[in-house]
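For reference, the chains in residue letters:
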Amino acid sequence: MSLIAPFRAILPTPRHARAVAAPPYDVLSTAEARARAAGNPLSFLHVSRPEIDLPEGVAGDDPAVYAKAAETMARLLADGTLGRAERAGLYVYRAEIDGHRQTGIAGAAPVAALGDGRIRRHELTRPAKVADRARQIEAVGAHTGPVMLSWRDDPKLADAVAAVAAGPPALEAGIDGVAHSVWAAGGAAGAALRDAAGRLETLYIADGHHRSEAASRVGASFLAIGFPASEMRILDYNRAVRDLAGRSPEEFLAALREVFAVAPSDRPARPEGPRRFGLYLAGRWYSLALQAAPAADGDPAAALDAEILTRTVLAPLLGIADLRSDPRIDFVGGGRGLDGLAARVDSGEMAAAFALHPVTLEALFAVADAGRAMPPKSTWFEPKLADGLLSLPLEG
């Protein structure tokens, strides 16, 4: 079975695409989603974040939340905002921001490929988050949040994608400075794209581990949008901690100097390469250069900066070993910038923040090929994919 197969998509009409398209469900807080969707009853946030249409204080896993998602999805289908494609097909999807462009394929990926290693993962998941998305998918009868995949570059596949994208797109929308375009792959160009995509032997999940696992609980396929590795962009994914485990800022800096060369910086300390970190503490930036890396023993995951930070600072100095469950740590995507990272500390919410160098896609592939998992929140892919432009019905 092809790793990216044709499907009969649920999609908005062209005139509704801009109103429907929404950011991914997990990049906005409830308050941000409520504000973003205010005054726009067509926003897909009413489906992906249905709690925004319920009274404040309703728990995110309350049955009323999923019932509301189902009600809204049914309304958008009934009033013609959304419709079902007449026939199964692949789609070409493009995202552009600030001069960066990535163009790939949207289709249905088989859940079975997650188990047999043809689609490889690099991240562990949180059971509660998976359960939430599984209930949402089941409620609306469709996988609505695309999983971002990647593959090593294939020139023939790139040519097939370009041929489909040579004409005008079927759907266009803009979200937060990102231009999203979708082409239906029909005719001879569509057949060539299916043939080229059918030759893909290995795919890698870039973003969407929870969504793919959730879909695997309620269906045979998940909604996938994949891009060649050379076109993808990974930003830094940074850490902020709520306290210094009883140390003063001066004591914490002294402890860091046992492991790092620490230098004050008069500007935001963006790491220039691996094994270097930025630290924002008590209103000031510092550059940290690792003096000696912990032994990785051939494990590609252990060589990642996120893991090095855990092994040299978070666990031994702050007592934060389980990044998946410890409430004393939070993660800030690179899209918010280093100023956004510092703001978490200046507000008093956090005691310190660490800036990391972005992971490379080859490092991600190496971890996935080794069957290992990256530390939580190691990669921040930008641009994000839109919710609402394409959905995969559970029945295929």
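Our subject is the structure listed above.
What you see as residue numbers is a count from 1 along each chain, following the sequence as written. In view of the model being predicted, local features appear only for residues whose pLDDT reaches at least 70, and side-chain atom pairs are presented and counted only at 80 or more, with totals across whole chains, interfaces and linings using the full set of residues. Side-chain measures here rest on the full set of heavy atoms in the structure, leaving out hydrogens and waters.

Draft legend 1. Representation of the pattern of salt bridges within the structure. Throughout this description, the term salt bridge denotes a Lys or Arg side-chain nitrogen within 4 Å of a carboxyl oxygen of Asp or Glu. Summed over the entire model, instances satisfying the criterion amount to 21 salt bridges. We note a salt bridge from Arg 152 to Glu 362, for which the minimum N-O separation is 3.8 Å. Placement of Arg 152 in the loop between β7 (147-151) and α7 (155-164) and of Glu 362 in helix α13 (residues 361-369) is noted, with a sequence separation of 210 residues between them. Only protein chains enter the accessibility calculation, which uses a 1.4 Å probe. A residue is then buried if its area is under 20% of the maximum for its type, exposed if over 50%, and partly exposed in between. Look at Arg 152 and you get partly exposed, because its relative accessible area is 38%. A salt bridge links Glu 349 to Arg 242, with the shortest nitrogen-to-oxygen separation between them at 3.8 Å. Taken together, the positions of Glu 349 in the loop between α12 (337-346) and β18 (352-355) and Arg 242 in the loop between β13 (237-241) and α10 (249-256) put the pair 107 residues apart, joining distant regions of the chain. Residue Glu 349 is classed as partly exposed on the basis of its relative accessible area, which comes to 36%. Taking relative accessible area as the criterion, Arg 242 reaches 36% and is therefore assigned partly exposed. Helix numbers and strand numbers start at the N terminus; a helix is a DSSP run of H or I with at least 4 residues, a strand a run of E with at least 2.

Draft legend 2. Looking closely at helix α8 (residues 187-197). Here α8 has its buried residues at Gly 190, Leu 193, Ala 196 and Ala 197. When α8 is viewed along its axis, its buried side chains cluster within an angular range of 125 degrees and face the same direction. Turned more than 90 degrees away from the buried face of α8, the exposed residues are Ala 188 and Asp 195. Those residues of α8 that are buried lie in contact with β3 (90-97), β4 (100-110), α7 and β9 (178-185). The reported arc concerns the directions from the helix axis to the C-beta atoms and nothing else. Throughout, a residue-residue contact means that at least one pair of heavy atoms, one from each residue, lies within 4.5 Å.

Draft legend 3. Quick look at the side chain of Thr 103. Relative to the assigned elements, Thr 103 resides in strand β4. For Thr 103, a relative accessible area of 9% puts it in the buried group. Any pair of nitrogen or oxygen atoms within 3.5 Å is treated as a polar contact; in protein, a donor-acceptor pairing is required on top of that, and neighbouring residues in sequence qualify only through side-chain atoms on both sides. Within the structure, the side chain of Thr 103 is placed 2.8 Å from the side chain of Arg 94, a separation counted as a polar contact.

Draft legend 4. Region of interest: the sheet that holds strand β16 (residues 284-290). Paired strands, as defined in this entry, are two strands with at least two bridges between them according to DSSP. With antiparallel pairing, six strands are arranged side by side in an open sheet as β14-β16-β15-β18-β13-β17. Either end of the sheet is taken by a strand with one partner, and the two such strands are β14 (260-265) and β17 (329-333). Strand-to-strand, the axes of this sheet are offset by a mean angle of 25 degrees, without reference to chain direction. Here an angle of 0 to 180 degrees is reported between the N-to-C directions of two axes, which are lines fitted to C-alpha atoms, with helices fitted over the stretch in contact. Lying on the sheet, α10 is in contact with β14, β15 (276-281), β16 and β18; it crosses β15 at an angle near 170 degrees.

Draft legend 5. How the structure looks around the pairing of β9. Here β9 lies mainly inside the structure; six of its eight residues are buried. Inspection of the sheet shows β3 paired to β9 by seven bridges, in the antiparallel sense. The residue of β9 that forms the bridge with Leu 90 is Ala 185. As judged from the five bridges shared by strand β8 (residues 171-175) and β9, these two strands associate in the antiparallel manner. Each bridged residue has a counterpart across the sheet, and for Ala 173 the counterpart in β9 is His 180. With antiparallel pairing between neighbouring strands as the criterion, β8 and β9 make up a hairpin whose turn holds two residues, including Asp 176 at a positive phi of roughly 50 degrees.

Draft legend 6. Expanded view of the pairing of β3. β3 sits mainly inside the fold: seven of its eight residues count as buried. Two strands pair when backbone bridges link them, and β3 and β4 are joined in this way by seven bridges, in the antiparallel orientation. Among the inter-strand pairings, Ala 95 is bridged to a residue of β4, identified as Gln 102. Connecting β3 to the next strand, β4, in antiparallel fashion are two residues, including Asp 98 with a positive phi near 50 degrees.

Draft legend 7. Summary view of the environment of Leu 356. Along the chain, the position of Leu 356 falls in the loop between β18 and α13. Given the relative accessible area of 5%, Leu 356 is considered buried. On a C-alpha basis, the gap between Leu 356 and Asp 297 in space is 22 Å, while along the polypeptide they are 59 residues apart. When sequence neighbours within four positions are dropped, the list of residues in contact with Leu 356 reads Asp 236, Tyr 237, Asn 238, Arg 239, Pro 271, Phe 277, Asp 305, Ala 306 and Leu 309.

Draft legend 8. Spotlight on the sheet that holds strand β11 (residues 221-228). Pairing is mixed in the open sheet, where eight strands are placed in the order β5-β10-β7-β11-β4-β3-β9-β8. Only two strands of the sheet have a single partner each, and these edge strands are β5 (119-120) and β8. Its contacts with the sheet put helix α9 (residues 209-218) on β7, β10 (203-207) and β11, and the angle it makes with β10 is roughly 115 degrees.

Draft legend 9. Focus on helix α6 (residues 127-140). For a helix, the expected span equals 1.5 Å multiplied by the residue count minus one. For α6, which comprises 14 residues, the first-to-last C-alpha distance of 20 Å matches the rise-based estimate of 20 Å (1.5 Å per residue) to within 8%. Within the sequence span of α6, burial applies to Val 130, Asp 132, Arg 133, Ala 134, Gln 136, Ile 137 and Val 140. Residues of α6 that are buried in the fold lie against α3 (45-48), α4 (63-78), β6 (142-143) and α9.

Draft legend 10. Just the packing of α4 against α6, in detail. Taken N-terminus to C-terminus, the directions of α4 and α6 make an angle of 40 degrees; their axes are 8 Å apart at the nearest point. One way to sum up the angle between α4 and α6 is to call them oblique. Crossing angle aside, the handedness with which α4 passes α6 is right-handed. Every residue of α6 that contacts α4 at Pro 63, Tyr 66, Ala 69, Ala 70 and Met 73 is listed here: Asp 132, Arg 135, Gln 136, Ala 139 and Val 140. Of the residues belonging to the contact of α4 with α6, the class tally is seven nonpolar, one polar and two charged. The cut-offs work like this: below 35 degrees is roughly parallel, past 145 is roughly antiparallel, 65 to 115 is roughly perpendicular, and the gaps in between are oblique. Each crossing gets its hand from how the near helix is turned against the far one by less than a right angle, where anticlockwise is left-handed and clockwise is right-handed. Ten residues, namely Ala, Val, Leu, Ile, Met, Phe, Trp, Tyr, Cys and Pro, are considered nonpolar, four, namely Asp, Glu, Lys and Arg, are considered charged, and the remaining ones, Gly among them, are considered polar.

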